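# Structural description and commentary
Now for the letters of each chain:
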Amino acid sequence: MSYDSIELGHRLITLMAAAMLVVQMLLAGQRLLPTVIALFSLQSFFLACLAAAVAYVNHAHHVYIAAGLTLLLKVIVMPMLLQRLIRQTGTRVQVESYLNTPASILICGGLTLVGYMVAHPFSQPQEHGHGSLAVATALFLIGFFLMINQRKAISQVVALLTAENGLFLAAIALTYGMPLIVEVGIFFDVLVGVMILGILSYRIAETFESMDTSKLRRLRG
Amino acid sequence: MTLVLLLLAPLLEAAVCGLLYSRRWMERVSVISAAINLVLAVLLVRNVARFQSVSAFNGFLYADALSALVVGLTAFVAFVCAIYAVSYFRTDFERQIITVGRLKEYYTLTPLFVFALFLVALANNLGIMWVAIEGSTLASVLLIAFYNQKTSLEAAWKYIIIGSIGISMALFGTLLTYYAASHIVGTESIEGLNWTRLLSAAPLMNPKALRLAFIFILMGYGTKAGIAPMHTWKPDSYSQAPVPSAAILAAAVLNCALYGILRFHILASKCLGPEFSSGLLLWFGLGSMLIATPFILAQTNFRRLLAYSSIDHTGIMLVGFGVGGSLGPFGALLHMFYHAVTKPLLFFCAGNVQQHFGTAVFRKVGGGVIHLMPVTAVLFLAGTLAVTGTPPAGMFQSELTVLSASVQGRGLWVASLFVGCVVTIFAGFLYHIGNLVLGAPRPGTSRKVESWWRLLPMLLIAALTLLFGFWLPSPLLHLIQQAGQIVGGVR
C-alpha cells in the first residue's frame, strides 16, 4: 500500500469522527422524532465508514465484519424498528426535553471539552487514535446527557444508542475493536435490547396513553 | 462436560417451555429442569474441588472455586424459586390476574435468565462475561414488567434505563482493560480478553488505563449489584417483579454482578497493588450500608424493605472484600453463601403475605399475620432474625468474620461504622416485621390455608439455614476458602 493511501485513510478516519460529533450536536437541538432517528442512522453510517477505513489502513480484517454489522443493524434495521414503533403508537412527533436548545448545546460543548481532557493522557502522537478516542468519550458523555434531558421514551433509546456508538468508536480507536465473537455478542445484545425497549415503550404508551417518561413517578422511597 | 451441560440444560428448558401450551407441563418441566441444574452444579463443585479448575472448548469456558461457588448458589436459588413459583402462579391464575400466555412468558424467560447467569460465571472471556450480564438484564426486564400495571412498567423502565447506562460503562471498562493489556496479549486472537491470560499479564499492564478501567467496571457492574448510589432501581424492581423473579434478582444476580467486579479487582490488585481497588470497594461498601440504614428504618412497604436489606448486604460483602487480608474475602464470600441460601425465604414469606392481603404496605396489612398464616409468620420472623445476623444463623459468623478482618485491616473507625449500621438495621428490621407478624389481626380478615407446595421450599431453606449455621459441610467450607484465596491470594 502506498504512503498516500494510508495518509488518505487517516484523514478519512478523522473526518468521519468529526462528522459523528457534529451529528451528535445536531441531535441535541433536533425537535422532530423521525428526524432524530434519521440522524442516528446517519451517525451510524459514518461509524461504519470509519470502521471500514480503520480496517483498510491497519489490515485488520475482522473490523470489516464489524463495519458490515453496523451498516446492517444500526443504519438500516434499528432505525426501521424505531420508525415503525412511532407509527404504531401514534405518539406526537415532537421531542420534548427539560432544557431548551441553546442550553443543551452549550452543555454538549462542555462535555466535548471534558472528552478531550479525559482522552489526553492516552494520546500517542505517532498513532491516529487519539482524536477518535476524544470524540468517542464526548459521544459517550453527550449520549448520557441526552438520555437525562429527554422526556420521550423513544428519544431516550436513541440517546442510549448514540452513547453505544461512542463506545464502539472507542473500541476501534484503542484496539481495532474487540475480538470478533465478543463483537458479535455485543451486537446481539444491542439488537435485543432495542427490541425490548421497543416492547416496553409500546406498553408504556398504551397504559399511560403517552410516552412521556416524566409521568413514571409512582414508586418512591 | 459439566460446563457444557450446565449451559445447555436451561436453554433446552426454555425451548421446551416455548413449545408447550399446558400450564401443568410447564410447571413440571421447570421444576425438573431446575433440579437437573442443581445436580449439575453440585457435580461442578465436586470437580472443581478435585482439580482446582476445569475448562472446556480450549479455555473458552473456565471454572475455578469462585465460579463454582457462584454457579452453585445460582442453581440453588433457581431451584427453590422454581418450586415456589408453581403455587404462587397457581394462585394468580385462579384469581385470573394472569393468562396462560403470560405464564408461558415467565417459564420461557426464567431459564434464559438462569442461562445468562451461569454464563457470567463460566465464561473465561471478559467480553463474553459482559455479554452475559447484559443478557441477564434483557431476560429479566420483561419479568419485572410481568403484571403490566403502571407501577410494574415504571419499575421495568427504570431498571432497563439505569441498567443500560451502567452496563455500557462496564463495557467501556472492559475495553480499557483490553487496551491496558493489548501490548502484551495482542489484539488478534480471542484469547486477548481471557481472564486466565490477563491474570498472567497483569503485572505488566498499563496501570493508567487499568485504573480508569476499574472505576468504570465498579460503576457499571456496581449498578447491577445495586451498590449505592446506583441502587435506585432495586426497590422498584424487587417490589414489582413476581416474587420468584425478585428472589432470583436479589439472591443470584447480586452474586453474579459482584463476581464480575471481583474478576477485575483481582487483576487491578495484581497490577496496581492492593490499595487502589480495595479502597474503592471498602468505601462504596460502607456507603451502601449507610444509605440503606435510614431507608430500612423508615420503610412502609415490606417488599421494598427487602430491597434495602439487599443493598445493605451488598455493602457488607464489599466491606469484606475491601478490608482484604486473608480473612476479609473469606468472610465476604461466606456472607455471599449464607445470604443466597437464606434470602429467598424472606421473599417467599413476603410473597405469601402480599398475595393473601393484596398489598405490601405494612399499615394496610395491620398485624397479626401469625394468627392467619402461622407457618409463614413463624418462618418470616425466623428468616428476619437470620438475615439480620442473629446467632445461630450463619450470617452472624460471616459478619463477625468481616468485622474482625476490618478491625485487623483498617482499625476501629471502619469497624465501628460497620457495627453501627448492622445493629441499627437489626433493630429496624425486627421492629417492622415484629409488628407485621405479632399483634392482633384486623377484624374481618380470614385465616388462610397454606398449601404444601408453597411451604416445601420455605421449610427446606429454613432447615438448611439452621443446619449451615451450626455445621458447614467441609467440601463447602473448603470451596469458600479456595474462592477466598483466589480473591485475596494476590497480596
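All of these numbers come straight from a predicted model, not from anything done at the bench. (Residues numbered from 1 in each chain as written. Chains lettered and ligands numbered in written order. Predicted model: local features only at pLDDT ≥ 70, side-chain atom pairs only at ≥ 80, totals over all residues. Heavy atoms only, no water.)

### Focus on the overall build of chain A
The number of helices and strands found in chain A is seven helices and zero strands. Reading the helices (α) and strands (β) of chain A from amino to carboxyl end gives α-α-α-α-α-α-α. For a compact globule of 221 residues, the expected C-alpha radius of gyration is about 17 Å, and chain A comes in at 18 Å, within 12% of that figure. Counting only C-alpha atoms and orienting by the principal axes, one finds that chain A spans roughly 60 × 35 × 35 Å. When contacts within chain A are restricted to residue pairs at least 6 apart in sequence, long-range pairs at least 24 apart make up 78% of them. Surface summary for chain A: the accessible area is close to 9300 Å², and the carbon and sulfur share equals 67%. (Helix = DSSP H or I, 4+ residues; strand = E, 2+ residues; numbered from the N terminus. Rg over C-alpha atoms; globule rule 2.2 N^0.38 Å. Contact = heavy atoms within 4.5 Å. Areas by Shrake-Rupley, 256 points an atom, 1.4 Å probe, with all protein chains shown as cover.)

### Regarding the overall build of chain B
For chain B, the count of helices and strands is 20 helices and two strands. Over its C-alpha trace chain B gives a radius of gyration of 21 Å, about what one expects of a compact globule, namely 23 Å for 491 residues. Across its three principal axes, chain B shows a C-alpha extent of roughly 70 × 55 × 45 Å. Counting every position in chain B, which comprises 491 residues, the buried fraction comes to 67%. A separation threshold of at least 6 residues defines the contact pool for chain B, and within that pool the share at least 24 residues apart is 80%. About 16000 Å² of surface is accessible on chain B, with carbon and sulfur atoms providing 68% of the total. (Buried < 20%, exposed > 50% of the residue type's maximum accessible area, 1.4 Å probe, protein only.)

### Observations concerning the nonpolar core
Residues and elements named next belong to chain B. Among the nonpolar cores identified, the biggest contains 266 residues, and Leu-44 and Tyr-221 are the most heavily contacted of them. If near-sequence neighbours (up to four positions away) are discounted, Tyr-221 is found in contact with Met-129, Trp-130, Ile-133, Ile-167, Ala-170, Thr-174, Ala-257, Gly-260, Ile-261 and Phe-264. Core analysis: the second largest hydrophobic core is formed by 14 residues, Leu-286, Met-289, Phe-418 and Val-422 among them. (Core = buried A, V, L, I, M, F, W, Y, C linked by side-chain atoms within 4.5 Å.)

### A closer look at the side chain of Thr-293 of chain B
Residues and elements named next belong to chain B. Within the secondary structure layout, Thr-293 lies in helix 11 (residues 274–297). A relative accessible area of 9% means that Thr-293 is categorised as buried. Beyond its immediate sequence surroundings of up to four residues, Thr-293 is in contact with Cys-421, Thr-424 and Ile-425.

### Re the confidence of the model for chain B
Of all residues in chain B, 99% have pLDDT values of 70 or greater, and the mean over the chain is 91. Among the scores for the predicted complex, ipTM is 0.90 and pTM is 0.93. (pLDDT = per-residue confidence, 0-100.)

### What to know about the pattern of salt bridges
Scanning the entire structure with this criterion turns up 11 salt bridges over all chains. A salt bridge links Lys-152 of chain A to Glu-96 of chain A; the shortest N-O distance between them is 3.6 Å. Placement of Lys-152 of chain A in the loop between helix 5 (129–149) and helix 6 (153–175) and of Glu-96 of chain A in the loop between helix 3 (61–89) and helix 4 (101–119) is noted, with a sequence separation of 56 residues between them. Judged by its relative accessible area of 6%, Lys-152 of chain A falls in the buried class. When the shortest N-O distance is used, the salt bridge between Arg-151 of chain A and Asp-212 of chain A registers 3.5 Å. Pair noted here: Arg-151 of chain A is in the loop between helix 5 and helix 6 and Asp-212 of chain A is in the segment after helix 7 (180–208), with a separation of 61 residues, a long-range link. Shared partners join several salt bridges into a network, and the residues in it are Glu-154, Lys-158, Asp-236 and Arg-304 of chain B. (Salt bridge = Lys/Arg side-chain N within 4 Å of Asp/Glu carboxyl O.)

### What to know about the packing of aromatic side chains
Residue and element names in this part refer to chain B. For the coordinates displayed, the defined rule picks out 23 aromatic pairs over all chains. Judged by centre distance (4.8 Å) and plane angle (5°), the rings of Phe-295 and Tyr-308 are stacked. Taken together, the positions of Phe-295 in helix 11 and Tyr-308 in helix 12 (residues 302–323) put the pair 13 residues apart, joining distant regions of the chain. Both rings, one in Phe-337 and one in Tyr-338, keep their centres 5.4 Å apart while their planes meet at 65°; by these two values the pair is edge-to-face. An aromatic cluster is present here, built from Tyr-84, Tyr-88, Phe-89, Tyr-106, Tyr-107, Phe-146, Tyr-147 and Phe-348 joined pairwise through their rings. A cation sits over an aromatic face here: Arg-28 above Trp-25, 4.9 Å from the ring centre. The ring of Trp-195 has Arg-263 sitting right over it, with the charged end atom 4.2 Å from the ring centre. (Phe/Tyr/Trp six-rings, centres within 6.5 Å; stacked < 30°, edge-to-face > 60°. Lys NZ or Arg CZ within 6 Å of the ring centre and 35° of its normal.)

### A few points about the interface of chain B and chain A
Where interface size is quoted, it is often the accessible area lost as the parts come together. At the junction of the two partners, chain B supplies 51 residues and chain A supplies 44 residues. When the buried surface of chain B facing chain A is broken down by residue, Lys-150, Trp-157 and Tyr-179 of chain B rank first, second and third, together holding 18% of it. Where chain B touches chain A, the interface holds one salt bridge. Our count for the contact surface shared by chain B and chain A stands at one residue pair in polar contact (both at pLDDT 80 or more). (Buried area = accessible area lost by both parts, 1.4 Å probe. Polar contact = N/O pair within 3.5 Å; in protein donor to acceptor, adjacent residues only side chain to side chain.)

### Regarding the environment of Tyr-21 of chain B
Residues and elements named next belong to chain B. Secondary-structure assignment places Tyr-21 in the loop between helix 1 (2–19) and helix 2 (23–51). Exposure remark for Tyr-21: the relative accessible area of 67% places this residue in the exposed category. Placed 121 residues apart in sequence, Tyr-21 and Leu-142 show a C-alpha to C-alpha distance of 20 Å. The contact partners of Tyr-21, leaving out residues within four places of it in the chain, are Val-100 and Lys-104.

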